[in-house]
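Here are the chains, one letter per residue:
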Amino acid sequence: MKPLVLHPDRLLPADPGVRGIARELYREVCDLPIVSPHGHTDPAWFATDANFPDAAQLLLVPDHYVLRMLHSQGHPMEALGVRGKDAPAASSREAWRVLAANYHLFRGTPSRIWLDWVFSEAFGMEVLLSAESADLYFDRITEALATDAFRPRALFDRFGIEVIATTEGPLDTLEHHAAIAASDWQGRVITAYRPDPVIDPEFEGFGANLDALSDLTGEDCRSWRGYLAAHRQRRDFFRRMGATSSDHGHPTAATADLSPQESEALFARVQADDVSPAEAELFRAQMLTEMAGMSVEDGLVMQIHPGSFRNHNPVLFARFGRDKGADIPLRTEYVHALRPLLARYGSDPRFSLIVFTLDESTYARELAPLAGHYPALKLGPAWWFHDSPEGMRRYRRGVTETAGFYNTVGFNDDTRAFLSIPARHDLARRIDCGFLAELVSEHRMEDWEAAELARGLAYDFAKAAYRL
Amino acid sequence: MKPLVLHPDRLLPADPGVRGIARELYREVCDLPIVSPHGHTDPAWFATDANFPDAAQLLLVPDHYVLRMLHSQGHPMEALGVRGKDAPAASSREAWRVLAANYHLFRGTPSRIWLDWVFSEAFGMEVLLSAESADLYFDRITEALATDAFRPRALFDRFGIEVIATTEGPLDTLEHHAAIAASDWQGRVITAYRPDPVIDPEFEGFGANLDALSDLTGEDCRSWRGYLAAHRQRRDFFRRMGATSSDHGHPTAATADLSPQESEALFARVQADDVSPAEAELFRAQMLTEMAGMSVEDGLVMQIHPGSFRNHNPVLFARFGRDKGADIPLRTEYVHALRPLLARYGSDPRFSLIVFTLDESTYARELAPLAGHYPALKLGPAWWFHDSPEGMRRYRRGVTETAGFYNTVGFNDDTRAFLSIPARHDLARRIDCGFLAELVSEHRMEDWEAAELARGLAYDFAKAAYRL
Amino acid sequence: MKPLVLHPDRLLPADPGVRGIARELYREVCDLPIVSPHGHTDPAWFATDANFPDAAQLLLVPDHYVLRMLHSQGHPMEALGVRGKDAPAASSREAWRVLAANYHLFRGTPSRIWLDWVFSEAFGMEVLLSAESADLYFDRITEALATDAFRPRALFDRFGIEVIATTEGPLDTLEHHAAIAASDWQGRVITAYRPDPVIDPEFEGFGANLDALSDLTGEDCRSWRGYLAAHRQRRDFFRRMGATSSDHGHPTAATADLSPQESEALFARVQADDVSPAEAELFRAQMLTEMAGMSVEDGLVMQIHPGSFRNHNPVLFARFGRDKGADIPLRTEYVHALRPLLARYGSDPRFSLIVFTLDESTYARELAPLAGHYPALKLGPAWWFHDSPEGMRRYRRGVTETAGFYNTVGFNDDTRAFLSIPARHDLARRIDCGFLAELVSEHRMEDWEAAELARGLAYDFAKAAYRL
């Protein structure tokens, strides 16, 4: 078995001079608290504080990054412990052995970096994961997870998380957040308003969702006026439960600015059975602008995460459902798409919009120029497939010269893989310190400026941008 | 107050070995004269040789790079000294203080590099710009600008400018260029033919511009034949006033090759009130090919600068007009777009076409392959938002392996920020020497070859490509 | 005359520490046999083993990379030894002198690296190619080519080629492959099934090709059923002649999944004189899925090479025909395009699809996510214009973090420039070792893992992916 050692200089630039500067910068930010303003952890974890079941159920089965890579090399989902419609899943131990025996597939990927951190720092493993060490890993991790020290609140505190945001839909009653607030635990777990299920006419059960929203709010959500009032009511409820942001995961970044009459007529059409894709797209577009208008009123920071083709593999989707690693990025246009919204609210000092992309070709061409002009617009960090060392470097190199650092918002871990959160923030801090060190070593910035920015990127910017 | 020091090795690669090679290359080109074949300085400066008013009016108010960044962080244009339709502007000193207090926003941007050069090299400032040094800067710079040493011609000579091109429309009478020619000053300030206002049917006042062109030339510019004759006449006039190039800033790179009959009919349609966007686009496309044909005749080098969405922010445009930092790049297609023109003139040895882009995804995919095949086609340097250290590196890395160095045309500063011109050329020379040094250190090129190329990129290529 | 020296550390990273690691990795793979699973050498060379004529006919006239660069700088094709319809070509010696006098144009391009290897390693030249050394080169190379040591089979053996694939159409009778098999020479030269001429309705002579295919197979290739049967028959013949793969060079990556009835009707329409571009595109799309289905049956690995605008310059094409360096990459979409095929066969364990691109913006956005999910899909190496040091680095940086290394297939030389094959593999091995060394030096991978991968990328992956 090979040793597992996290090198203290990992992910810092190779050049000894640059690395020395990066190391100094990193030293000052590595222990800052974690601010996690956008993610997908389950609030029930923190409400119930129940132990996680075992290594595979925590670290393999729910991680679509890990599932996708193993699946791409021919391992069926069942063998990875994922239950399908027509097939029983492998046991946790069996599934774990598949991961272990194929751990080499992750060489060069961020999953490897995150997992090694979790293994080494969270669980104290000292050998590399492999077929030989599979059972050792499974037993050690599963045992640890049964202890108090590995219950969700204890990990939250141990990880130094200052605040974490989860993501819920308007139909969610936020009882877990209420339970957390009512408990004697001090951890700050807030929600974010993600209304896709009641905004996207192509979402599964859109009509039923509108009716449920009516029931929940007492508004008539089949009328445009009642529908908007229901959004306002739920946003207000989310805000009172700690939310400081909304989030929108549309297929494109399209926005629109229709008249109230046009919007009302469109809303009627999208409730019909024969809604066209163009009508659905226009409605989503109009609703982004409506949401922006509500953000001006209530102060929720607005996030847009566009450009993913969800559930690309229909065979997999039919058997195993969504979020199994078959979402694929799409080319995404922002300049025309965002214009209606930005023309209306982009210069309003009360409004703040954070845009993400999966299409890196827009960093320098579209997003940095837009963010470098509109007061309301800021850029989210390198997202999803680009939440990685090379991805972050491309992001900083592509964005900074036109948008500067101050039109970016620090790091988002955007994950449901709770244990990897410190690993992800640590990776981001290392890469950002490395980038800043390059600027210092090329005399494009002074060392004290880089130190200010290192802290900003690691902590201050996220707090400010998300109004935390 | 922090010191302001320009490090002699700034912008050179961090690796000590590579830097040593880059330093040697740079030493041989740093003092070469400046050839500025494409830009937007005001010929009136050199005609009248009047003093510039003050620090803010010279370095802040006209610089859309600087305005856009400050605006993006919530500073209203009025506070930056820009006069709008309905609001008075802050005084120059007040505006300057806003820049000074927010100078940290420019960290990591080329504006910071250019401005620091201007502050240090042109004005001898020894502390960094900040809220504390704001008034010191404003007073020192404003005082200096009142002296003879800072009048335009003196700066031109001091900067070692061998030739500079301005840009004028066909309706311009070029009286400033005439005045310069008639003066006893030896500086070479030439014009370039930029006919967008009389070519683009969507340009403000297109019809009136045609009539003005008729008046100016004695041709009937409402007829296709007269319109073409007027272009020929104005091109000839521009050429006699020193122009060696034309320039075309269309929304796309579309070209067309219609028959004379089709062109004539199209020209009639685009003068109608109900011209469609498609007709306007086709007319611009045809006119690029017409201009190429005239270039074959008269020898003006043709430049195309496509792909900018001008005045993206309608609120800002309504109050402050154009060129305030709200132009946003668009995805731009070249392979189909340029084909009609290239099929017609791309192999003609008399023709030279220089193409620019704001869409870096086309460097390696479209532009380098096109320039690496067509005899007439050369690539302009990294442009506008990409006129920056990382932008230039991406350009060289993306373009060189397919187009080589010899299908590129050296550096353009493309600026109206006169004092930054030496800073911009210096930046380009440093980055190019760094790139060449990387090739040498990886043994992809010999040192003496790199030295030849360093000189070519800094000086020879621009003179040759622009026929200067 | 300047010396020609291939530095032992060429193409390895400049940083001394990283270079040291890269050198170790390279040392272990530099002498591995060459596996060339996709290329365009002429099987007649190995069947007849005739001597190559002279330096220009071997190294200049057939090399579209070299032709295009010289052409782009104004050298007519005739002067380069290329015969046109209406003009005699320069002699080989004259053409060679043009290359020699313009060899500086190739600075910074991979052609320069490949050619210098050929000159130095294959022919023992010790001075750089230039106007002065032109005749020395021509004479030395031409003399060498007349010797037994430079006949195709001798070079094949000397280069350490374990297996090479050529590419033939369904109408090819593969007599050269038969001759090689019947000879006493042990070299392994296999074919690949490239059916574009009988699949693409826009291919020159499509109808006649169908008839020829009928003649060859005894099937009625004007009927859908007969046409498919003919494909099966030819694929089987190719497979028996050694083929392990098919290859498809369509303008786009579009695939379709029509019903048999729809396909049959479409096949009838595309044989009509008035076939529309959309029908032709849909037919090509459907045929990719048909070919995938046949691959499931017969085990041929399927390759798709989309996105080239062939023969962009109509003037050149009219005079000199195809493959003269006027093919230009196009923006290419994969997510929607490949979905019909992947939905049908992408999860089938018997199927293997290797996709290439000329559009680097799809590496991280589309192709790596697709390959990182679908079991059947793997990514071909950096292709054509991107088969270069910077191109390969962008490929590895863009692809690895999402697809990993194991969803890639090693190197393809994809060339008809036989003598450059070892140079191309050597270049790829050096760049890959450099990339791996960067990962090691940033502690993103252990040295022993990098060593495994270096061997995989140089040798193992190609053998496995192409079932060789």
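Given the structure is predicted, the values throughout are model-derived calculations rather than measurements.

Caption draft 1: Expanded view of the overall build of chain A. From N to C terminus, chain A includes 20 helices and nine strands. Taking 468 residues into account, the globule formula puts the C-alpha radius of gyration at 23 Å, and chain A, at 22 Å, falls close to it. Dimensions of chain A along its principal axes, counting C-alpha atoms only, are 70 × 60 × 45 Å. Sorting the 468 residues of chain A into buried and exposed places 65% on the buried side. Restricting to contacts in chain A with at least 6 residues of sequence separation, those with at least 24 account for 75%. Accessible area of chain A: about 15400 Å², with a carbon and sulfur share of 51%. Within chain A, the 67 negative side-chain charges are centred at a point lying 2 Å from the centre of the 49 positive side-chain charges.

Caption draft 2: Looking closely at the relation of the copies chain C and chain A. Note on the identical chains: chain C maps onto chain A by a rotation of 120° and an axial translation of 0.0 Å, with an RMSD of 0.0 Å. Put plainly, the chains are arranged around a three-fold axis. Different-surface contact between copies: only 7% of interface residues of chain C are shared with the interface of chain A.

Caption draft 3: Main features of the interface of chain C and chain A. Across the contact, 43 residues belong to chain C and 51 residues belong to chain A. Counting each side, the surface lost to burial between chain C and chain A is near 3900 Å², with a carbon and sulfur contribution of 53%. Among the residues of chain C in contact with chain A, Arg365(C), His373(C) and Glu401(C) are the three that bury the most area, contributing 20% of the side total. Linking chain C to chain A there are seven salt bridges. If you look at where chain C meets chain A, you find 27 residue pairs in polar contact (both at pLDDT 80 or more). Mapped by element, the contributors of at least two residues to the side of chain C that touches chain A are helix H16 (339–345), helix H17 (362–371), helix H18 (389–403), helix H19 (421–441) and helix H20 (447–465) of chain C. The element best represented in the side of chain C that touches chain A is H17(C), accounting for seven residues.

Caption draft 4: Local environment of the nonpolar core. With 328 residues, the main nonpolar core has Trp96(A) and Trp96(C) as its most contacted residues. Among the elements that make up this core, the one with the highest residue count is H19(C) (11 residues). In this structure Trp96(C) touches Ala55(C), Ala56(C), Leu59(C), Leu60(C), Phe119(C), Leu129(C), Ala134(C), Tyr137(C), Phe138(C) and Ile141(C), once residues within four positions along its chain are discounted. Grouped together as the second largest cluster of nonpolar side chains are 165 residues, Phe159(B), Tyr227(B), Ala292(B) and Leu419(B) included.

Caption draft 5: A look at the relation of the copies chain A and chain B. When chain A is fitted to chain B, the residual RMSD is 0.0 Å, and the transformation amounts to a turn of 120° plus an axial shift of 0.0 Å. Interface overlap between copies: only 7% of the residues of chain A at the interface are likewise at the interface in chain B, consistent with a contact formed by different surfaces.

Caption draft 6: Layout of the environment of Ser308(C). Residues and elements named next belong to chain C. Along the chain, serine 308 falls in strand S6 (residues 308–309). With a relative accessible area of 7%, serine 308 lands in the buried category. Sequence separation of serine 308 and aspartate 426 is 118 residues, and the distance between their C-alpha atoms is 26 Å. Aside from chain neighbours lying at most four places away, what touches serine 308 is Pro251, Asp327, Ile328, Pro329, Leu330, Leu358 and Trp384.

Caption draft 7: Geometry of the packing of helix H13 (residues 260–270) of chain A against helix H14 (residues 277–298) of chain A. All names here are of chain A. Between H13 and H14, whose axes approach to 10 Å, the crossing angle comes to 130°. Relative to H14, H13 is oriented oblique. Of the two elements, H13 crosses H14, and the hand of that crossing is left-handed. Between H13 and H14, the residues in contact are Ser263, Leu266, Phe267, Arg269 and Val270 and Glu279, Ala280, Leu282, Phe283, Gln286 and Glu290, respectively. Classifying every residue of the contact of H13 with H14 by side-chain character gives six nonpolar, two polar and three charged.

Caption draft 8: Layout of helix H14 (residues 277–298) of chain C. A rise of 1.5 Å per residue sets the reference length of H14(C), with its 22 residues, at 32 Å; its end C-alpha atoms lie 31 Å apart and thus fit the reference within 8%. Positive phi appears at Gly299(C), one or two residues downstream of H14(C), with a value of about 85°.

Caption draft 9: Examining helix H11 (residues 206–217) of chain C more closely. All names here are of chain C. The terminal C-alpha atoms of H11, which comprises 12 residues, lie 16 Å apart, in line with the 16 Å expected from a rise of 1.5 Å per residue. Among all positions of H11, only Phe206, Asn209, Leu210, Leu213, Ser214 and Thr217 are buried. On an axial view of H11, the arc spanned by its buried residues comes to 145°, and they lie on one face. Across from the buried face of H11, at angles greater than 90 degrees, the exposed residues are Ala208 and Asp215. Taken from the residues just after H11, glycine 218 is the one with a positive phi, measuring 75°.

Caption draft 10: Region of interest: the interface of chain A and chain B. Each partner contributes to the interface: chain A provides 43 residues, whereas chain B provides 51 residues. There are seven salt bridges connecting chain A and chain B. Where chain A meets chain B, there are 27 residue pairs in polar contact (both at pLDDT 80 or more). Here the side of chain A that touches chain B is built from residues that sort into 18 nonpolar, 12 polar and 13 charged.

Caption draft 11: Representation of the pairing of strand S5 (residues 301–304) of chain B. Residues and elements named next belong to chain B. Alternating positions in S5 separate into two faces, Val301 and Gln303 on one and Met302 and Ile304 on the other, with burial throughout. Two strands pair when backbone bridges link them, and strand S4 (residues 245–248) and S5 are joined in this way by four bridges, in the parallel orientation. In the sheet register, histidine 248 faces S5, and the bridge partner there is isoleucine 304. Two strands pair when backbone bridges link them, and S5 and strand S8 (residues 353–355) are joined in this way by three bridges, in the parallel orientation. By the bridge assignment for S8, methionine 302 is matched with leucine 353.

Caption draft 12: Here's a closer look at the domain arrangement of chain A. All names here are of chain A. Domains assigned within chain A are domain 1 (16–52 + 148–465) and domain 2 (53–147). The straight-line distance from the C-alpha centre of domain 1 to that of domain 2 is 27 Å. In this complex, domain 1 contributes 31 residues to the contact, which on the side of domain 2 involves 31 residues. The contact between domain 1 and domain 2 buries some 2700 Å² in all, and 64% of this surface belongs to carbon and sulfur atoms. Interface area lost by domain 1 to domain 2 is led by Phe52, Phe150 and Arg319, which between them contribute 24%. If you look at where domain 1 meets domain 2, you find two salt bridges. The partner of glutamate 78 in a salt bridge is arginine 319, and the shortest N-O contact between them spans 2.5 Å. Our count for the domain 1 to domain 2 interface comes out at 12 residue pairs in polar contact (both at pLDDT 80 or more). Contributions of two or more residues to the side of domain 1 that touches domain 2 are made by helix H15 (314–320) and helix H19 (421–441). Considered class by class, the residues forming the side of domain 1 that touches domain 2 number 16 nonpolar, five polar and 10 charged.

What counts as what
- Residue numbers here run from 1 along each chain, matching the order of that chain's written sequence.
- As they are written, the chains are lettered A onward and the ligands numbered 1 onward, keeping that order.
- It should be noted that, the model being predicted, local features are given only for residues of pLDDT at least 70 and side-chain atom pairs only at 80 or more, the latter also being counted only at that level, while totals for whole chains, interfaces and linings use all residues.
- To get the side-chain values, take all heavy atoms of the structure and skip hydrogens and water.
- Each helix is a run of DSSP H or I of at least 4 residues and each strand a run of E of at least 2, with the numbering of both proceeding from the N terminus.
- Throughout, the radius of gyration refers to the C-alpha atoms, and the reference size of a globule is 2.2 Å times the residue count to the power 0.38.
- Buried, partly exposed and exposed residues are distinguished by accessible area as a fraction of the type maximum, computed with a 1.4 Å probe on protein chains only: under 20%, between the cut-offs, and over 50%, respectively.
- It only takes one pair of heavy atoms within 4.5 Å for two residues to be counted as in contact.
- Accessibility throughout is a Shrake-Rupley quantity obtained with a 1.4 Å probe, and a residue counts as covered only by protein chains that appear here.
- His is not counted here, nor are the chain ends, while Lys and Arg score as positive and Asp and Glu score as negative.
- For charged residues, the charge sits on one atom: NZ in Lys, CZ in Arg, CG in Asp, CD in Glu.
- Superposing copies: least-squares fit, C-alpha atoms only, residues required to have pLDDT of at least 70 in both.
- A quick way to say it: buried area is the sum, across both parts, of accessible area lost when two parts are put together, with a 1.4 Å probe.
- Any Lys or Arg side-chain nitrogen found within 4 Å of a carboxyl oxygen on Asp or Glu counts as a salt bridge.
- For the purposes of these results, a polar contact is taken to be a pair of N or O atoms within 3.5 Å, where, inside protein, one atom must be able to donate a hydrogen and its partner to accept one; residues adjacent in sequence count only when each atom of the pair is a side-chain atom.
- Definition of nonpolar core: a set of buried residues of the types Ala, Val, Leu, Ile, Met, Phe, Trp, Tyr and Cys, connected through side-chain atoms within 4.5 Å.
- Helix axes are fitted to C-alpha atoms over the stretch in contact, other axes to C-alpha atoms as well, and angles between N-to-C directions run from 0 to 180 degrees.
- Put simply, angles under 35 degrees are roughly parallel, angles over 145 are roughly antiparallel, angles from 65 to 115 are roughly perpendicular, and the rest are oblique.
- Whether a crossing is left-handed or right-handed is set by the direction in which the near helix is turned from the far one by less than a right angle, anticlockwise for left-handed and clockwise for right-handed.
- Classification used: nonpolar for Ala, Val, Leu, Ile, Met, Phe, Trp, Tyr, Cys and Pro, charged for Asp, Glu, Lys and Arg, polar for all others including Gly.
- Every helix has an expected span of 1.5 Å times one less than the residues it contains.
- Summarising the geometry, the arc corresponds to the directions from the helix axis toward the C-beta atoms.
- Any two strands with at least two DSSP bridges between them are considered paired.
- Boundary definitions for the domains trace back to an automatic or database domain assignment.

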